[in-house]
Amino acid sequence: MWRRIVSDCEKFERAISAFVDGRLDDRKARELEAHLAGCPACRATLEAWRLAAEAAREVPSVDGKRWEEIWQRIEKRSAEAEAALRPSTPVATSLWRAVWKGAAVTALAASILLAVYFLMQGNGAAGPPASTGDRFEVVSIEVEAPDYDVFVMAPEEGELPVIWLERGA
Amino acid sequence: MARATDKELLAAIARRDNFAGREFFLRHRQGAFRVAYRLLGNEADALDVVEDAFVKIMKAAAGFRGEASVRTWFYRIVTNTALDARRRRSRFVALETADEDAPGLKEILPSREESPPAAALRKETAQKIREAVALLGEKHRTVFVLVVVEGLSYRETAGVLGISPGTVMSRLFYARKYLQESLRKYVETDSE
Ligand SMILES: [Zn+2]
């Protein structure tokens, strides 16, 4: 008789575990309830596990200002990570040179037809220009590059414009 | 206006939509924090993990495959980030029971007209439970946190950890047995 009770309780312990998680089906839940009614030991187990769950769910509250600071850092770090993946200026410059030599572009990728004309006046290494228009004039840009995205980055004051290609997704 | 689903938010994040990123953060920061806090045992480390995990999420959103569950994917990133942080700080593990900043049981179980000694005992019990959770081994603790603290299903938890649902149930069961054992002197068991 004693043996039988112990083995019953062991069997029900797993049901209690599922019951605490709200994942015991109705039929088994009714069986368990019937057992609990006559078994103080299993009732104590159920109570202990419920208590453990409630205590473990409690965490300190974090105030809104702190969360905001964390979000700002996430945004900043994400932007930095993304910028690091972009081609850097030297790469863009060499591409720009390739663009300049139309034949080289054709050799680079037959599907790309680029005709980009820049009138570049003066030396890029010279001091800041009086205005961007003094140094560069975009006459026309024609792009036919189905597999590529073409990016043109507006120059900062006194810097070269950056054009680069990225194979599209 | 219909609320965007998590999947839609991830797709928008992949298109570098910052509003979507913020919305996803607002929705899930608390879940990430609860997991990290229970796995690491202190607030500062847990918040660092939340930050690192969301940076990874923003970066990985484009790689999220539509057929996977967002929940599983999300909790996998958070859990792995927390466990990595924990391993890096493993020399502090022995001291990791400090939990003084967590609210006491009085806030957890608002009880009617409790005598001060009973309230103190409850508070103490909750504290002992949290300490016992902190002392669980990594495998058992992780399962306990995902299922009990976050309410993930056995199947979802299995997906997060790359183990079978049967293993989840078994680890959870032994985690509970261990907690119960360590609480024997605090939680009355009238069977004895
Ligand atoms: Zn029983």
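Residues numbered from 1 in each chain as written. Chains lettered and ligands numbered in written order. Predicted model: local features only at pLDDT ≥ 70, side-chain atom pairs only at ≥ 80, totals over all residues. Heavy atoms only, no water.

A.B. asks: How would you summarise the coordination of the zinc ion if you had to cite specific residues and measurements?
C.D. replies: All names here are of chain A. The protein atoms that coordinate the zinc ion are Cys9 (SG), His35 (NE2), Cys39 (SG) and Cys42 (SG), at distances spanning 2.0 to 2.3 Å. Each of the 4 donor atoms bound to the zinc ion contributes to angles spanning 101 to 117°, and the resulting shape is tetrahedral. Considered as a linear motif, the donors of the zinc ion on their single chain read C-x25-H-x3-C-x2-C. Remark: His35 occurs in helix α2 (residues 26-37) and Cys9 occurs in helix α1 (residues 2-20); sequence separation between them is 26 residues. Judged on exposure class, the residue Cys9 and its partner His35 are both buried. (Donors = N, O, S within 2.8 Å, 3.2 Å for Na, K, Ca; no water. Tetrahedral: all angles 85-135°; square planar, octahedral: opposite > 155°, others 65-115°. Helix = DSSP H or I, 4+ residues; strand = E, 2+ residues; numbered from the N terminus. Buried < 20%, exposed > 50% of the residue type's maximum accessible area, 1.4 Å probe, protein only.)

A.B. asks: Got a sec to walk through the environment of Phe144(B)? Specific residues and values, please.
C.D. replies: Tracing the backbone shows Phe144(B) in helix α7 (residues 138-149). Along the sequence, Phe144(B) and Leu172(B) sit 28 residues apart, while their C-alpha atoms lie 5.6 Å from each other. Residues within four places of Phe144(B) in sequence aside, it is in contact with Ala52(A), Ala56(A), Val133(B), Leu136(B), Val149(B), Leu172(B), Ala175(B), Arg176(B) and Leu179(B). (Contact = heavy atoms within 4.5 Å.)

A.B. asks: Outline the nonpolar core, supporting the account with residue identities and numerical values.
C.D. replies: In this structure, Leu10(B), Phe24(B), Phe33(B), Phe54(B), Phe74(B) and Phe144(B) are the most contacted members of the largest nonpolar core, which totals 83 residues. Here Phe33(B) is in contact with Val59(A), Pro60(A), Val62(A), Trp67(A), Glu43(B), Ala46(B), Leu47(B) and Val50(B), once residues within four sequence places are set aside. (Core = buried A, V, L, I, M, F, W, Y, C linked by side-chain atoms within 4.5 Å.)

A.B. asks: Explain the packing of aromatic side chains to me, using residue names and the numbers behind them.
C.D. replies: Overall, the coordinates contain 12 aromatic pairs over all chains when judged by the stated rule. For the ring pair Trp67(A) and Phe25(B), a centre distance of 5.9 Å and an interplane angle of 80° mean the geometry is edge-to-face. One end of the pair, Trp67(A), is in helix α4 (residues 64-85); the other, Phe25(B), is in helix α2 (residues 18-40), on a second chain. As far as the burial class goes, Trp67(A) and Phe25(B) line up, both buried. Where Phe24(B) meets Phe54(B), the ring centres are 6.4 Å apart and the plane angle is 65°; that geometry is what we call edge-to-face. A residue pair is termed long-range when its members are at least 10 positions apart, and Phe24(B) in helix α2 and Phe54(B) in helix α3 (residues 43-60) qualify at 30 residues. (Phe/Tyr/Trp six-rings, centres within 6.5 Å; stacked < 30°, edge-to-face > 60°.)

A.B. asks: How would you sum up the interface of chain A and chain B? Please name residues and give values.
C.D. replies: In this assembly, 36 residues from chain A lie in contact with 50 residues from chain B. Summed over both sides, the interface of chain A with chain B buries roughly 4,100 Å², with 63% coming from carbon and sulfur. If you sort the residues of chain A by the area they bury against chain B, Pro60(A), Trp67(A) and Trp71(A) come out on top, with a joint share of 17%. Scanning the region where chain A abuts chain B turns up 8 salt bridges. Between Arg77(A) and Asp52(B) there is a salt bridge, and its shortest N-O distance comes to 2.9 Å. Where chain A packs against chain B, one counts 19 residue pairs in polar contact (both at pLDDT 80 or more). (Buried area = accessible area lost by both parts, 1.4 Å probe. Salt bridge = Lys/Arg side-chain N within 4 Å of Asp/Glu carboxyl O. Polar contact = N/O pair within 3.5 Å; in protein donor to acceptor, adjacent residues only side chain to side chain.)

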